[in-house]
Amino acid sequence: MRRLQRNPELAPKIAILISGGGSNMVALIKDMQDRGYAEPSLVISNKALVPGVIKAQQLGVPTEVIPHQAFPKGDGFQEEIHVALVEQRINFICLAGFMQILDAWFVDKWKDRILNIHPSLLPKYKGLNTHQRAIDAGDTEAGCSVHLVTAELDDGPILAQAKVPILKEDTARTLAARVLSEEHKLFPRTLRQYLDG
Ligand code: GRF
């Protein structure tokens, strides 16, 4: 299996969906490019002019901007993403800071082929503001989770987690930075292991 994946012709094609900075996206692309187990084939952003799009271009990965605002009431937005993925013969999708909730029909079409990174130790703190909520709750540790995406928000089977301590002087910002550097290691490692079966 491993040997087959090193053949660029047979390496699974990965799309990464983003909405912003793209630091997890960069970690994923570099890991795939360095190790050759998968091909970073497409980056889709629902926002134009975000740093992630420029970073992807600098790393030589094709990008597509599909702005959700262009679709009144969201109609057609995810269909457009689906079409772009099919056109590029994508095999797996990584959600790396993609701030849109995927519809059930989309998740169903890509069942077991969408991975998401979430900045909390799921099942704790689904949704937003995870770091502040962990601090407010008096938790002593925080972290991040990579999970398979299902129709329920931040709810699919957890593939891997990494923990960091919460320090007394932490703010949401300092904690987020500590968690983010773990995300950059956890997401590529988990993708690799998942593709390895
Ligand atoms: C990360 O903390 C990720 O867990 C969350 O959004 C943030 C995205 O950061 N879903 P970046 O765009 O990868 O830098």
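Residues numbered from 1 in each chain as written. Predicted model: local features only at pLDDT ≥ 70, side-chain atom pairs only at ≥ 80, totals over all residues. Heavy atoms only, no water.

> Would you mind showing me how to read the overall build of the protein here?
In terms of helices and strands, the protein carries seven helices and seven strands. Each helix and strand of the protein, ordered N terminal to C terminal, gives the series α-β-α-β-α-β-α-β-α-β-α-β-β-α. Its C-alpha radius of gyration of 17 Å places the protein within 12% of the 16 Å reference for a compact globule of 197 residues. Viewed in the frame of its principal axes, the protein has a C-alpha envelope of about 50 × 45 × 30 Å. Counting all 197 residues of the protein, 45% fall into the buried class. (Helix = DSSP H or I, 4+ residues; strand = E, 2+ residues; numbered from the N terminus. Rg over C-alpha atoms; globule rule 2.2 N^0.38 Å. Buried < 20%, exposed > 50% of the residue type's maximum accessible area, 1.4 Å probe, protein only.)

> What is the right way to read the packing of helix α2 (residues 23-35) against helix α7 (residues 172-195) from this model?
Two elements in contact, α2 and α7, have axes separated by 9 Å at closest approach and are oriented at 45 degrees. Relative to α7, the element α2 is oriented oblique. As α2 packs across α7, the resulting crossing turns out to be right-handed. When α2 is examined against α7, the residues S23, N24, A27, L28, D31, M32 and R35 are found in contact with a partner set consisting of L180, E183, H184, F187, P188, L191 and R192. Across the contact of α2 with α7, the residue classes tally to seven nonpolar, three polar and four charged. (Axes fitted to C-alpha atoms, helices over the stretch in contact; angles between N-to-C directions. Parallel < 35°, antiparallel > 145°, perpendicular 65-115°, else oblique. Left-handed = near helix turned anticlockwise from the far one by under 90°. Contact = heavy atoms within 4.5 Å. Nonpolar A, V, L, I, M, F, W, Y, C, P; charged D, E, K, R; others polar.)

> Any chance you could explain the pairing of strand β5 (residues 114-118) here in plain terms?
As a general feature of sheets, a regular strand has side chains that alternate between the two faces. Most of β5 is tucked away, with five of its five residues classed as buried. Here β5 shows two buried faces, one formed by I114, N116 and H118 and the other by L115 and I117. Relative to β5, strand β4 (residues 92-95) is paired through three bridges, and the arrangement is parallel. For I93, the partnering residue across the bridge sits in β5 and is I114. One crossover worth recording links β4 to the parallel β5 by way of helix α5 (residues 104-109), and it is right-handed. Where β5 and strand β6 (residues 141-148) come together, four bridges link them in antiparallel fashion. (Pairing = 2+ DSSP bridges. Right-handed = clockwise from strand over helix to strand, strands pointing away.)

> What should I look at first to understand the state of the cysteines in this one?
As used in these notes, a disulfide is a covalent bond between sulfur atoms, one from each of two cysteines. Under the criterion given, the structure shown has zero disulfides. Free of any disulfide, C94 has its nearest neighbouring cysteine sulfur in C144, separated by 14 Å. The class of C94 is buried, set by a relative accessible area of 0%. (Disulfide = S-S within 2.5 Å.)

> It is not clear to me how the pairing of β4 should be interpreted in this structure. Could you clarify?
Burial of β4 is two-sided: the residues F92 and C94 facing one way and the residues I93 and L95 facing the other way are all buried. Bridge count between strand β1 (residues 13-18) and β4: four bridges; the pairing is parallel. Paired with I14 across the bridge in β4 is F92.

So far we have only geometry, and geometry alone does not tell us how the molecule works.
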